[in-house]
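# Reading the structure
Single-letter residue listing:
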Amino acid sequence: MGSWRVAVSLARATLRETRVRDSAFAAFFAAVAYVVAASYDSVFPTVSDRLAFARTFGSNEVVRLFVGKPYDLLTSGGYTAWRFGGFAAIVAASWGAVASVRALRGAEDRGTVELVLAHPVARREVFAAFLVALGAGCALLWAASVLGLVAAGLPLGGSAFLALATVSPALPLAATGAIASQTAANRRIAAELTAAVVAGSTLLRAVADTVSATGWLRWLTPLGWAEEARAFAGARPGPLVLSLAASCGGLALAWLLWRARDVGQGAIRGSEEARARTFLLRSSARYAVREHSGSLAVWAAGTALFGVVLGMVAASFDAQALSEGLRRRLAEIAGTSLDSPEGAVSYYFLTLALALAIFACQQIGAIRREETEGRLATVLALPIARTRWFAERLALAALASAGLAVLFGACIWVGVEVRAGGVGLGEALAGAVNTLPVAFLFLALAALLVAVAPRIASGASYGFVLAAFTVQLLAALADVPKWVADLSPFAHLALVPAQPFATTESTVLLACASGLALVALAGFRRRDVERG
């Protein structure tokens, strides 16, 4: 069998493992692109509406901090490039980082790579398989974005360029993840290093977009290159060439490191002698806290930052300056009026519900990795019941979700207070905690997938979250039957404090979450522990 045939076969195996996750991301890109582009004409029906929006939001530094710098808000294409491209580029970068670390270091830590190399397969074929799978995933995101944009009525050529610019950060961040996979001692450290680079890139773009004297910082990050491509506003392919060159250079360096190092070892090795650290090693639950403290710290820092930013945006939100169409659309999505900081804050709690649901999926993915990497088998060799272990991990994920919700509520209140005030601390905390029933439901659903369909659990859990949120967006912006809209748990979330707490809906969500969690515990107790 030729080298490329081996690489293609290995790439197919990788794509089969990630097909659910990649398909969910692609569907999300297509849906968001369509919704943003299709709603422009109805939201801004007149030139005066578009000029008012450009004056209000285009020059608002707080809004730029969150979305990016707009280049043309007077056309549907320019607005979509700002609203969809600025947000989706961060999602694409995160996807590239996760896909890279999972495909390279994740498979290696599970022992899969070692088994493959035991056959007459060269290292270059394994790395080529990674490149093929990465390219196929990027192509899928690009095609989905183009489909959504063209379906909304944008021209094919501009749509293809905007989709290319939006997906382009995935490649440099995937190259970063590939380098981290070769240098770090294990997958967890590689993932944390790559996440730090994604966060740093986002921060650099935010600073460049909000402080005029630091615009040059935009050229130091792939997210800035995507923004400088200026789709639908005088397209500039040069920044995308820079992104491609950086990707090729990073992947070449990753290949050189991969070819030279031992399987299962990082290129940078620590000292073989170190003082014993027994802190948080007296139980499996405490060990889980210690093992994932770095990831939790990143989530906490990101939650705090975006809480403050969104609070500042909410306080500077002038609904009267918006067109009637935009006010109506935002009210349909949020289910409440946005004429006050209280209403705007309530709208942003919908974002928190999505973030907590994704966090729940990430926690379930960590549980699954402990199993596939063989650590769970070692733990269960001790006098620890598997049901107790699984229940502890679910409880820790629920407590961490609650902690992030409280942190977000406190920080969004701080952001509001910095700008103008208008929302009490108690109201902000109540609105944040109100999102937990939805997060717990997705946590329990992901746990059930681990119990009954472990091989697709991680990807399918993300898929359910993104599908539910997409249904929520489409239900607000399109003519979707009510029974379809009600399938999304987000549709049953009352946005406190602008709306009263929905006791019945929250009770039903919590009851469903509890029932799913109990079924998941029973299923996990009965099935065999897997490795790989």
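A quick note: this is a predicted structure, and the numbers were derived from the prediction, not measured. (Residues numbered from 1 in each chain as written. Predicted model: local features only at pLDDT ≥ 70, side-chain atom pairs only at ≥ 80, totals over all residues. Heavy atoms only, no water.)

When you go through the chain residue by residue, the secondary structure sums to 23 helices and 0 strands. Burial status across the chain gives 51% buried among its 532 residues. For the chain, restricting intrachain contacts to residue pairs at least 6 apart in sequence, the fraction spanning at least 24 positions comes to 75%. As presented, the chain carries roughly 22800 Å² of accessible surface, and 65% of it is formed by carbon and sulfur atoms. (Helix = DSSP H or I, 4+ residues; strand = E, 2+ residues; numbered from the N terminus. Buried < 20%, exposed > 50% of the residue type's maximum accessible area, 1.4 Å probe, protein only. Contact = heavy atoms within 4.5 Å. Areas by Shrake-Rupley, 256 points an atom, 1.4 Å probe, with all protein chains shown as cover.)

Between V496 and the following residue, P497, the backbone shows a cis peptide bond with an omega angle of 10°. Among the secondary structure elements, P497 is positioned in the loop between α22 (482-485) and α23 (503-526). Even without glycine at this site, R230 takes up a positive phi of about 55°. Inspection of the secondary structure puts R230 in the loop between α11 (222-228) and α12 (238-260). With a phi angle near 60°, F232 is a residue other than glycine that sits in the positive phi range. Along the chain, F232 turns up in the loop between α11 and α12. For F232, a relative accessible area of 23% puts it in the partly exposed group.

Our next topic: the environment of I412. Counting through the fold element by element, I412 comes out in helix α18 (residues 386-419). Distance from I412 to V309, taken between C-alpha atoms, is 7.3 Å for residues 103 residues apart in sequence. Contacts of I412, omitting those with residues within four sequence positions, involve G307, V308, L310, G311, V345, Y348, F349 and A428.

Another aspect to go through is the pattern of salt bridges. A complete count under the given rule lists 12 salt bridges for this structure. Two residues, R50 and D41, come together in a salt bridge whose shortest N-O distance is 3.4 Å. Using a relative accessible area of 18% as the deciding quantity, one classes R50 as buried. The partner of E371 in a salt bridge is R368, with the nearest N and O atoms 3.1 Å apart. Linking E371 with R368, this pair stays in helix α16 (residues 341-372), spanning 3 residues, or about one helical turn. For the pair E371 and R368, one class covers both residues: buried. (Salt bridge = Lys/Arg side-chain N within 4 Å of Asp/Glu carboxyl O.)

With that settled, the discussion passes to empty space enclosed by the protein. One pass over the full model with this rule turns up 4 cavities of 30 Å³ or more. The calculated volume of the largest cavity comes to roughly 210 Å³. Around the largest cavity, the lining comprises 23 residues; the ones closest to its centre are A81, W82, G86, A226 and E227. Counting only elements with at least two residues in the lining of the largest cavity, the list comes to α5 (76-109), α8 (156-167) and α11. A per-element tally of the lining of the largest cavity places α5 first, with 6 residues. Class assignment of the residues belonging to the lining of the largest cavity gives a composition of 13 nonpolar, 5 polar and 5 charged. Size it by volume and the second largest cavity reaches roughly 90 Å³. Along the walls of the second largest cavity sit T14, L15, T18, R21, D22, W95, A99, S100, A103, F130, A133 and L134, which together make up its complete lining. Within the residue set of the lining of the second largest cavity, elements represented by two or more residues are α1 (3-38), α5 and α7 (123-151). Element by element, the count of residues in the lining of the second largest cavity is highest for α1, at 5 residues. Counted by class, the lining of the second largest cavity contains 7 nonpolar, 3 polar and 2 charged residues. (1 Å grid on protein atoms, 1.4 Å probe; cavity = no way out; pocket = protein on both sides within 12 Å on 5 of 7 lines; lining within 4 Å. Points joined across faces, edges and corners; volume = space filled by probe spheres on them. Nonpolar A, V, L, I, M, F, W, Y, C, P; charged D, E, K, R; others polar.)

Across the interface, α5 lies against α7 with an axial gap of 11 Å and an inter-helix angle of 160°. Taken together, the axes of α5 and α7 lie roughly antiparallel to each other. When you trace α5 past α7, the crossing you get is right-handed. Taken together, the residues of α7 that come into contact with α5 (itself represented by T80, F84, W95, S100, A103 and L104) are F127, F130, L134, G137, C138, L141, S145 and L149. (Axes fitted to C-alpha atoms, helices over the stretch in contact; angles between N-to-C directions. Parallel < 35°, antiparallel > 145°, perpendicular 65-115°, else oblique. Left-handed = near helix turned anticlockwise from the far one by under 90°.)

At a minimum axis distance of 8 Å, the contact between helix α20 (residues 436-452) and α23 shows a crossing angle of 20°. When the axis of α20 is compared with that of α23, the two are roughly parallel. Viewed along their axes, α20 and α23 form a crossing whose handedness is left-handed. Facing α20, whose interface residues are P437, V438, F440, L441, A444, L445, A447, L448, V450 and A451, α23 presents S506, L509, L510, C512, A513, L516, A517, V519, A520, G523 and F524.

Here the focus is the nonpolar core. Among the nonpolar cores identified, the biggest contains 73 residues, and F29, Y79, W95 and F490 are the most heavily contacted of them. With 11 residues, α5 is the largest single contributor of residues to this core. Formed by 23 residues, the second largest nonpolar core is a distinct cluster that contains F349, A405, I412 and A428. (Core = buried A, V, L, I, M, F, W, Y, C linked by side-chain atoms within 4.5 Å.)

Our focus in this paragraph is a nonpolar patch on the surface. Together, V47, L51 and L74 line one region of the surface with nonpolar side chains, adding up to about 250 Å² of accessible area. One can find L74 in the loop between α4 (61-67) and α5. Of the residues examined, L74 reaches a relative accessible area of 39% and is grouped as partly exposed. (Patch = residues over 30% accessible without salt bridge, like charges linked within 9 Å, V, L, I, M, F, W, Y side chains within 5 Å.)

A word on the layout of surface pockets. Here the second largest pocket is characterised by a volume of approximately 290 Å³. Forming the boundary of the second largest pocket are 16 residues, of which L10, T14, A103, A107 and T112 lie nearest the centre. Listed by contribution, the elements that provide at least two residues to the lining of the second largest pocket are α1, α5, α6 (112-117) and α7. It is α1 that provides the largest number of residues to the lining of the second largest pocket, a total of 5 residues.

What follows concerns α20. Compared with an ideal rise of 1.5 Å per residue, which puts 17 residues at 24 Å, α20 spans 24 Å between its outermost C-alpha atoms and is within 8% of the ideal. In terms of residue burial, α20 counts as a mostly covered element, since 14 of its 17 residues are buried. (Expected span 1.5 Å × (residues − 1).)

None of the figures reported here should be taken as evidence of function without further support.
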